[in-house]
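Residue-level structural notes
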Amino acid sequence: MDRNMKILVVDDFSTMRRIIKNLLKELGFSNIDEADDGVTALPMLQQGQYDFLVTDWNMPGMTGIDLLKAVRTDPALAQLPVLMVTAEAKREQIIMAAQAGVNGYIVKPFNGPTLKEKIEKIFERVQS
Amino acid sequence: MEQNTQNGRIAAAQALLDAARAGDEDAYATALLGLNQDTPLFDEVGRMTREVHEALMAFAEDDRLNHLMQDDMPDARERLRYVITLTDQAANRTLAIVEEAMPVAERLMDRSERLRQELTQIAAKEPENPRLVTVVHTLNSYLDSVLNSGDTLKRHMTEIMMAQEFQDLSGQLLLRVITLLEQLETKMVGLLKVTGARSASQSSTPGASSSASGMHSADELRAGIGPAVPQTAAKDVVKNQDDVDDLLASLGF
């Protein structure tokens, strides 16, 4: 796994963006950008050569699930690994995200080791 | 049956019959009304109608209600928003301090590690000097304890950082209560308008609809329904990350 990969963290709460960013830094990643919803994130993804997307679900403007769908329908972004970190915990929603092509799903509240484990798992699969 | 009532009814029926025979529409209608008025049901409906009317008038003219709509409800929403702002400030302040403290602990650990290596090299050069060897040994065990404490400190700081997650979850829940208040306000204003209230607050735009029943439409699910609250958590909500992993595994993940 490339520790220099470019990561976009999308969440409408600045507290959560900051926490995720700090956890990623502890895991050795430092090339991290932030966006506060899908509307802001999508053009960044389209222009920014990102390697990994970490997104919340429930956000004003464009939700995480809509962002995921937009990413999967954009030929340039379709292969981008996407991890959802969200408080949305209905089984139906997790299935919805899986069907939309999510690579990993973490429910809040979560912790550092869980984030590490899911990221490692995602990149093991992407590379294999 | 009382004689009077019976006589009255016969008279009313007779009046209806007379009016029908005479072809007098007005008299017929009056007589018919007179017959109906006699029934308890008619009385009861009339009384209830009057009560509802009076209640609605009292409702519309109650200044407290207008006050509630114009001041109290928006005020309550503002207060809740302020709670979100305060928790956001507190969480970010804590995170800023953790972000500053973390590198301090790391520097302390780095320098201790380097110092330990240097001292070990110095001691290795003069193995015949017992005092130096003893001092280096003592210093090294102190530096080991610094490294251990540094690790503990970093772990605790990570915990403090993760604890700030409450701000996101509580903020999302409060935003939902704010939306609910907005909807309630809009409905109350509508009711006030129907009953002809003198003035009602300008209704704010209602937020996304959310059903109280716990059932969510696909649209609601897509928009996100917010964190699960322990007391209201339903069976279709996963309880923890293990549940998520199991569910995803069952989908071939």
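Since we're looking at a predicted model, the values are computed, not measured.

**Things to note about the domain arrangement of chain B**
Residues and elements named next belong to chain B. Parsing chain B into structural domains produces domain 1 (3-61) and domain 2 (63-196). Computed over C-alpha atoms, the centres of domain 1 and domain 2 are 75 Å apart. With five residues of domain 1 in contact, the opposing surface of domain 2 contributes seven residues. Considering only the side of domain 1, the residues that lose the most area to domain 2 are F59, A60 and E61, jointly responsible for 82% of the buried surface there. Summed over the shared surface of domain 1 and domain 2, the result is zero salt bridges. Between domain 1 and domain 2 we count zero residue pairs in polar contact (both at pLDDT 80 or more) in total. Of the residues belonging to the side of domain 1 that touches domain 2, the class tally is four nonpolar, no polar and one charged.

**Quick look at the interface of chain B and chain A**
In this assembly, 44 residues from chain B lie in contact with 39 residues from chain A. Roughly 3,600 Å² of surface becomes buried between chain B and chain A when both sides are summed, with 59% attributable to carbon and sulfur atoms. The largest share of the area that chain B buries against chain A comes from L221, R222 and F253 of chain B, three residues that together contribute 18% of it. Taken together, the connections running from chain B to chain A amount to five salt bridges. Two residues, D66 of chain A and R222 of chain B, come together in a salt bridge whose shortest N-O distance is 3.3 Å. The interface formed by chain B and chain A holds 21 residue pairs in polar contact (both at pLDDT 80 or more) in total. Breaking the side of chain B that touches chain A down by element, the ones donating at least two residues are helix 4 (63-125), helix 5 (130-163), helix 6 (166-194), helix 7 (218-223) and helix 8 (241-250) of chain B. Ranked by the residues each element gives to the side of chain B that touches chain A, the list is headed by helix 4 of chain B, at eight residues. Taken together, the residues of the side of chain B that touches chain A break down into 22 nonpolar, 13 polar and nine charged.

**Details of the pattern of salt bridges**
This structure, assessed with the given rule, holds 21 salt bridges over all chains. Among the salt bridges present, the one from K108 of chain A reaches D56 of chain A, with a minimum N-O distance of 3.4 Å. Linking K108 of chain A in the loop between strand 5 (104-107) and helix 5 (112-127) with D56 of chain A in the loop between strand 3 (52-55) and helix 3 (64-73), this pair joins segments that are 52 residues apart in sequence. The residues K108 of chain A and D56 of chain A share a single accessibility class, namely buried. Where R81 of chain B meets E182 of chain B, a salt bridge forms, and the shortest distance between an N and an O atom there is 3.6 Å. On the criterion of sequence distance, the pair formed by R81 of chain B in helix 4 and E182 of chain B in helix 6 is long-range, its members being 101 residues apart.

Reading the values: the criteria
Residues numbered from 1 in each chain as written. Chains lettered and ligands numbered in written order. Predicted model: local features only at pLDDT ≥ 70, side-chain atom pairs only at ≥ 80, totals over all residues. Heavy atoms only, no water. Domains from an automatic or database assignment. Contact = heavy atoms within 4.5 Å. Buried area = accessible area lost by both parts, 1.4 Å probe. Salt bridge = Lys/Arg side-chain N within 4 Å of Asp/Glu carboxyl O. Polar contact = N/O pair within 3.5 Å; in protein donor to acceptor, adjacent residues only side chain to side chain. Nonpolar A, V, L, I, M, F, W, Y, C, P; charged D, E, K, R; others polar. Helix = DSSP H or I, 4+ residues; strand = E, 2+ residues; numbered from the N terminus. Buried < 20%, exposed > 50% of the residue type's maximum accessible area, 1.4 Å probe, protein only.

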